Amino acid sequence: MTSVMTTALLVVAFCVLTSITLAPLAGRLVKRARPSTAVPLLAVGSLFNAAALGLLMTLLGLAVAGRLPEIATAAGWSTSRLETALPVPVAVGVLAGAAAAVLLARTLWRAGTILVLLARSDRLSRGLRAGGSPIVFVDTDQTNADAYTLAGTRGCVVISRQLFDALGPREQHMLTGHELSHLRRRHHLYVHAVDIAAAANPALRRVAAEVRLGVERWADEDAVATMAGDRTSAAAALATTALTRAALRRGETPPAARRRPVVPVLGVATSHVTPRAQALLAPAPERSALTAWVAVLLSGMFAATLAPALQL
């Protein structure tokens, strides 16, 4: 077996290793590091990993497909030289090529779906915003009480009047600060980038989930900054907003808890409220040597994965 084939197998193993280790590492990064650092790092790292794996499998498939006389003649390749330079077993090449084709189709479908949804979201946000404030209040029934950010060229924040009127001033401040952070920071781009990477490499699905949590924490930290850094009040406001939203959507009377601080210990399943509230009750994440070391390690892993693939 030549050194080229050995390199190819090493790159495959390295791609798989980085995919496996990135998932648990992503959870630690999102939990310990600043979200504004962890989220971009994971998004870029996931794209590099998925691109390297896809490129490698494509090259392995081409190494076998290129031996076919029709393809070799069309490309101007020498089948004997190709087989000598890249002695990829036929079975390996066929499996790699088939996997590359399937994953490419998944990636294109996911990317296309995202583009269609973004186009619809942009049209809707333009219609709702109509050149006015980035915050748009809409009238809905209680079961649709919600607040969310519509992505777009300018985008907008959509808040139901029923939910907003049911909240106290502190909760209203937290809600608007959180959603405006999503709009200003373009958090949807990070989420979509990792979604596309996960389509290209299914082993990155857990990373995509961690990035979704990361952007929510990022928005929470931005909202805290507008509340004079009062993390306890922000955590209480987050929990109360989740409880109020849940009660409205069930058609019940909003809880009176919104009038006093709430310790967020209940497992309210509304956009990762429990881990987000726990993060707010903890000290603000700071830059540390550990974070920098992990960032350098991740960057080195992805660069080392991609570089050999480009040389094959």
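On a predicted model such as this, the values are computed, not experimentally measured, just so you know.

J.: Before we move on, could you go through the confidence of the model for the chain and cite the residues and values that matter?
T.: Residues at a pLDDT of 70 or more form 77% of the chain, whose mean pLDDT is 80. A low-confidence stretch, residues 256–269 stays under pLDDT 50, and its non-local contacts, those more than four residues away or across chains, total 24 contacts.

J.: Account for the pattern of salt bridges, with residues named and values stated.
T.: Counting across every chain of the model gives 11 salt bridges. For the salt bridge of R184 with D222, the shortest nitrogen-to-oxygen distance reads 3.7 Å. Linking R184 in helix α7 (residues 169–185) with D222 in helix α9 (residues 205–225), this pair joins segments that are 38 residues apart in sequence. With relative accessibility at 52%, the residue R184 sits in the exposed group. Overall, D222 belongs to the buried group, its relative accessible area being 13%. With a shortest N-O distance of 3.0 Å, D222 and R185 are connected by a salt bridge. With D222 in helix α9 and R185 in helix α7, the pair connects residues that are 37 residues apart, well separated along the chain. Owing to a relative accessible area of 36%, R185 belongs among the partly exposed residues under this scheme. Among the charged side chains, a network of salt bridges with common partners joins R110, D195 and R212.

J.: An account of the nonpolar core is needed here, citing residue identities and associated values.
T.: By size, the foremost hydrophobic cluster in this structure holds 24 residues, and its most contacted members are L29, L42, V194, L204, V207 and V211. Secondary structure elements with two or more residues in this core: α1 (3–32), α2 (35–65), α8 (187–200) and α9.

J.: Could you give an account of the packing of α2 against α9, naming the residues involved and the relevant values?
T.: Put simply, α2 and α9 touch, their axes get as near as 8 Å, and they point 155° apart. As judged from the angle between their axes, α2 and α9 are roughly antiparallel. Relative to α9, the crossing made by α2 is left-handed. Contacts from P35, S36, V39, P40, L42 and S46 of α2 reach α9 at V207, V211, G214, V215, R217, W218 and E221. Of the residues in the contact of α2 with α9, the class split is eight nonpolar, three polar and two charged.

Rules used in this analysis
- Residues numbered from 1 in each chain as written.
- Predicted model: local features only at pLDDT ≥ 70, side-chain atom pairs only at ≥ 80, totals over all residues.
- Heavy atoms only, no water.
- pLDDT = per-residue confidence, 0-100.
- Contact = heavy atoms within 4.5 Å.
- Salt bridge = Lys/Arg side-chain N within 4 Å of Asp/Glu carboxyl O.
- Helix = DSSP H or I, 4+ residues; strand = E, 2+ residues; numbered from the N terminus.
- Buried < 20%, exposed > 50% of the residue type's maximum accessible area, 1.4 Å probe, protein only.
- Core = buried A, V, L, I, M, F, W, Y, C linked by side-chain atoms within 4.5 Å.
- Axes fitted to C-alpha atoms, helices over the stretch in contact; angles between N-to-C directions.
- Parallel < 35°, antiparallel > 145°, perpendicular 65-115°, else oblique.
- Left-handed = near helix turned anticlockwise from the far one by under 90°.
- Nonpolar A, V, L, I, M, F, W, Y, C, P; charged D, E, K, R; others polar.

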